[in-house]
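# Residue-level structural notes
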Amino acid sequence: ERSKILFKFADLLEQHSDEIAALETWDNGKTYEQASKVELPMCVRLMRYYAVPADGSYHMQTMHDPIGVAGQIIPWNFPILMFVWKIAPALACGNTIVLKTAEQTPLSALYAAKLLHEAGLPDGVVNVVSGYGPTAGKMVLEMAAKSNLKPVTLELGGKSPFIVCKDADIDKAVELAHFALFFNQGQCCCAGSRTYVHESVYDEFVEKAKARAMQRTVGDPFRKDIEQGPQIDSEQFEKVMQYIRAGVESGAKLQTGGEKLGSKGFYVQPTVFSNVNEDMLIAQDEIFGPGHTRGGSTSQFNSLWVGSRTIPFGGYKMSGQGREKGIYCLMNYLQVKAVLTPLKNLAWL
């Protein structure tokens with residue numbers, strides 16, 4: 001009965017909206033167009049929205065429950081950061097965790113797991129597994145589909161563009177583009193590894209970018225004056241060198257770098273290519289190393305570098321699904337449950 005009354009009232013508001021809008025204008029001074037075309041329709045919609053739950057005596061709860069056990073796989077490029085990105089929202093939502101580290105970088109996660117116990121986390125809530133494993137991605141989705149349809153989020157790689165317009169501050173743009181690519185030895189899933197520069201400032205930008213790359217300090221990563229350490233291992237080092245060779249062979253102009261630095265370790269010279277076309281491998285593939293490409297135009301991208309990274313964090317299409325950080329990340333670790341309870345013998349009825 002209550003619901004019928006509210007719905008009837010909404011219908012009457014709608015039927016008499018012209019008169020009420022006129023009264024609003026006389027009374028308040030607001031425009032008749034605003035009152036009749038915006039505010040009255042909002043009132044009608046709101047009344048109809050609240051009329052629905054009034055149909056019967058029920059208590060309705062929408063609950064967000066933990067999903068249970070979260071299986072997490074983290075990469076080697078930011079071991080402790082990825083560890084925290086994964087466990088923080090999962091634990092905050094009340095889940096337990098089985099986390100696999102990358103075989104190249106297990107140490108910081110294992111140490112941090114020890115600190116979790118010291119902080120008072122019960123045994124078995126966070127379980128860190130170290131060992132070898134192939135690159136997952138599509139394999140995880142396939143296994144989830146073939147087994148029990150577990151929900152899956154993926155934070156994968158990309159080929160993000162850095163776009164320099166003709167009215168840009170070139171010196172600042174060079175420094176930002178340099179950071180966007182060479183940060184963390186270029187081993188960053190959102191690295192701005194292809195730079196698109198307006199033709200009117202292209203030559204100036206390339207020369208200054210080349211000079212900045214040549215100034216980059218490479219060496220012992222424990223030293224304060226060093227900007228770039230080694231690549232993660234021999235496999236990644238060889239992969240980067242193969243892409244550099246592919247760039248040269250495809251006709252891109254090697255402005256600087258392109259060689260191994262020193263006789264020990266997996267150090268790569270900061271490398272800059274110009275005159276790169278869209279069909280070249282170095283313009284399409286994620287190099288994951290200190291190799292920068294310049295030239296062309298784009299319409300699809302994973303992350304767009306505009307001088308800062310945004311929150312939440314994640315990619316489109318082949319760059320993944322789901323989001324890390326912020327409130328959107330919490331949705332990865334919660335499931336919505338509706339609880340409807342009939343109410344009887346209510347004192348107010």
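Residues numbered from 1 in each chain as written. Predicted model: local features only at pLDDT ≥ 70, side-chain atom pairs only at ≥ 80, totals over all residues. Heavy atoms only, no water.

### Here we look at the side chain of Asp-233
Turning to its location among the elements, Asp-233 is positioned in the loop between α8 (202-215) and α9 (234-249). Buried charge without a salt bridge: Asp-233, with Lys-239 as the nearest opposite-charge side chain at an N-O distance of 9.7 Å. Beyond its immediate chain neighbours, meaning those up to four positions away, Asp-233 contacts Gln-104 and Phe-266. (Helix = DSSP H or I, 4+ residues; strand = E, 2+ residues; numbered from the N terminus. Buried < 20%, exposed > 50% of the residue type's maximum accessible area, 1.4 Å probe, protein only. Lys, Arg positive; Asp, Glu negative; His and termini not counted. Salt bridge = Lys/Arg side-chain N within 4 Å of Asp/Glu carboxyl O. Contact = heavy atoms within 4.5 Å.)

### Quick look at the sheet that holds strand β2 (residues 69-73)
The strand order across the open sheet formed by three strands is β2-β3-β4, and the pairing between neighbours is parallel. Edge positions in the sheet fall to β2 and β4 (126-129), since each has one partner strand and no second. With strand direction ignored, the average angle separating the axes of adjacent strands in the sheet is 15°. Bridging between strand β3 (residues 96-100) and β4 involves four bridges; their strand directions are parallel. Within β4, the position partnered with Val-98 by the bridge is Asn-127. (Pairing = 2+ DSSP bridges. Axes fitted to C-alpha atoms, helices over the stretch in contact; angles between N-to-C directions.)

### Regarding α8
For α8, built from 14 residues, the straight-helix expectation of 20 Å at 1.5 Å per residue is met to within 8% by its first-to-last C-alpha distance of 20 Å. By the burial criterion, the buried members of α8 are Tyr-202, Phe-205, Val-206, Ala-209, Arg-212 and Ala-213. Buried residues of α8, seen end-on, are gathered within an arc of 130° and therefore sit on one face of the element. Opposite its buried face, α8 presents the exposed residues Asp-203, Met-214 and Gln-215, each directed more than 90 degrees away. (Expected span 1.5 Å × (residues − 1). Arc of directions from axis to C-beta.)

### A look at the pattern of salt bridges
A complete count under the given rule lists 14 salt bridges for this structure. A salt bridge links Asp-65 to Lys-337; the nearest nitrogen and oxygen atoms lie 2.9 Å apart. Separated by 272 residues along the polypeptide, Asp-65 in strand β1 (residues 58-66) and Lys-337 in strand β12 (residues 334-342) bring together distant segments of the chain. For Asp-65, a relative accessible area of 18% puts it in the buried group. Residue classification places Lys-337 among the partly exposed residues on the basis of a relative accessible area of 39%.

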